[in-house]
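Secondary and tertiary structure notes
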Amino acid sequence: MEKRVDQVVVQCSKGDIAHQEDMEAIVNAANAELRIGGGVAGAIHREAGPKLEKETRKLAPIPPGEAVITGAYNLPNNHVIHCLGPVYGQDKPEDKLLGDCYRKALKIAEEYGIVSIAFPSISTGAFGYPIDEAKKIVFLTIKEVIPTLENVKTIRFVLHNNEDLRVYQEALKKLY
Ligand code: ADP
């Protein structure tokens, strides 16, 4: 499913963030140490190969709400933007920190002239953020940021299961 919002196409699709062949950049739901880990970070590092961790090691640690960019190595993309989402119930204010992840990732994408970027659902796995709350922040944030974008033309949300996809699709339908 997709929807045009101003000059940007926003998409929701089911899949694996490490298999987004047509996207220039993908976003990692990273851990503070930017190490391989489980979930999204595991999938991205496994696919990218060990050179990714060699690069991320020099950039770690990062605080919640922060984002850094690296190469993508064996991934089919040009860049990986690593965001550290808040741990639900622990890192405060969690709504602002989660929004910051999307804000900063898109800011970096703009600076690098990136035209297409795919996001996983940051913080809603091991970090425990309820997806119903997270999706509100995600869509409020992109609504705020899209009018400022000049280079980014496609934003894709990649969801890992049908229920998460449904939640995001409902939110996208209601956007404007
Ligand atoms: P966090 O630690 O930020 O919560 P996780 O990687 O644990 O990050 O999970 C974030 C979300 O990504 C969860 O909803 C999880 O189901 C989903 N997910 C896990 N693996 C993948 C993958 N390979 N591609 C896309 N989404 C994934």
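Residues numbered from 1 in each chain as written. Predicted model: local features only at pLDDT ≥ 70, side-chain atom pairs only at ≥ 80, totals over all residues.

**As for the pairing of strand S7 (residues 154–159)**
Operational definition: Neighbour density around each residue's C-beta defines its exposure: 20 or more other C-beta atoms within 10 Å make it buried, 12 or fewer make it exposed, and counts between make it partly exposed, where C-beta atoms are placed from the backbone. A helix here means a DSSP run of H or I that spans at least four residues, while a strand means a run of E at least two residues long, and both kinds are numbered starting from the N terminus. Note on pairing: DSSP must find at least two bridges between two strands before they are called paired. A clockwise course of the path from the first strand over the helix to the second, judged with the strands pointing away from the viewer, identifies a crossover as right-handed.
Most of S7 is tucked away, with five of its six residues classed as buried. When strand S6 (residues 116–119) meets S7, the two strands line up parallel, connected through four bridges. Looking at the pairing, Phe-119 lines up with Phe-157 of S7. Between the parallel elements S6 and S7, the chain passes through helix H4 (residues 131–145) in a crossover that is right-handed.

**Topic: unusual backbone geometry**
Working note: non-glycine residues mostly have negative phi, and peptide bonds are mostly trans. A cis amide bond links Ala-60 with the next residue in sequence, Pro-61, at an omega value of -5°. Following the sequence through the fold, Pro-61 ends up in the loop between helix H2 (50–59) and strand S4 (67–71). The residue after Lys-92, namely Pro-93, is reached through a cis peptide bond having omega -10°. Its location among the elements puts Pro-93 in the loop between strand S5 (79–83) and helix H3 (94–111). Look at Leu-34: it is not a glycine, yet its phi comes out positive at around 55°. As for its placement among the helices and strands, Leu-34 is situated in the loop between strand S3 (25–29) and helix H1 (39–48). Using a count of 25 C-beta atoms within 10 Å as the deciding quantity, one classes Leu-34 as buried. If you check the backbone angles, Ser-123 has positive phi at about 75° while not being a glycine. In this structure, Ser-123 sits in the loop between S6 and H4. A count of 27 C-beta atoms within 10 Å places Ser-123 in the buried class.

**Describing the UniProt feature "domain: Macro" (unreviewed entry) in the protein chain**
What counts is decided by this rule: UniProt positions are given in the numbering used here, feature names are shortened, and annotations may be inferred rather than shown by experiment.
The positions that UniProt labels "domain: Macro" (unreviewed entry) are, in the present scheme, residues 1–176. The distance separating the terminal C-alpha atoms of residues 1–176 is 15 Å; by composition the span is 38% helix and 20% strand.

**Some thoughts on the packing of H3 against H4**
Put simply, the rule reads: The axes used here are C-alpha line fits, helices contributing only the stretch in contact, and every angle between their N-to-C directions lies in the interval 0 to 180 degrees. For classification purposes, angles smaller than 35 degrees are called roughly parallel, those larger than 145 roughly antiparallel, those between 65 and 115 roughly perpendicular, and all remaining angles oblique. What makes a crossing left-handed is the near helix being turned counterclockwise from the far one by less than a right angle; a clockwise turn instead makes it right-handed. A pair of residues counts as a contact when their C-beta atoms, built from backbone coordinates, are within 7 Å of each other.
Relative to each other, H3 and H4 sit at 40°, their axes nearing to 9 Å. Judged by the inter-axis angle, H3 sits oblique to H4. In the packing of H3 onto H4, the handedness of the crossing is right-handed. Contact residues: H3 offers Asp-95, Leu-98, Gly-99, Tyr-102, Arg-103 and Leu-106, while H4 offers Ala-134, Ile-137, Val-138, Thr-141, Ile-142 and Val-145.

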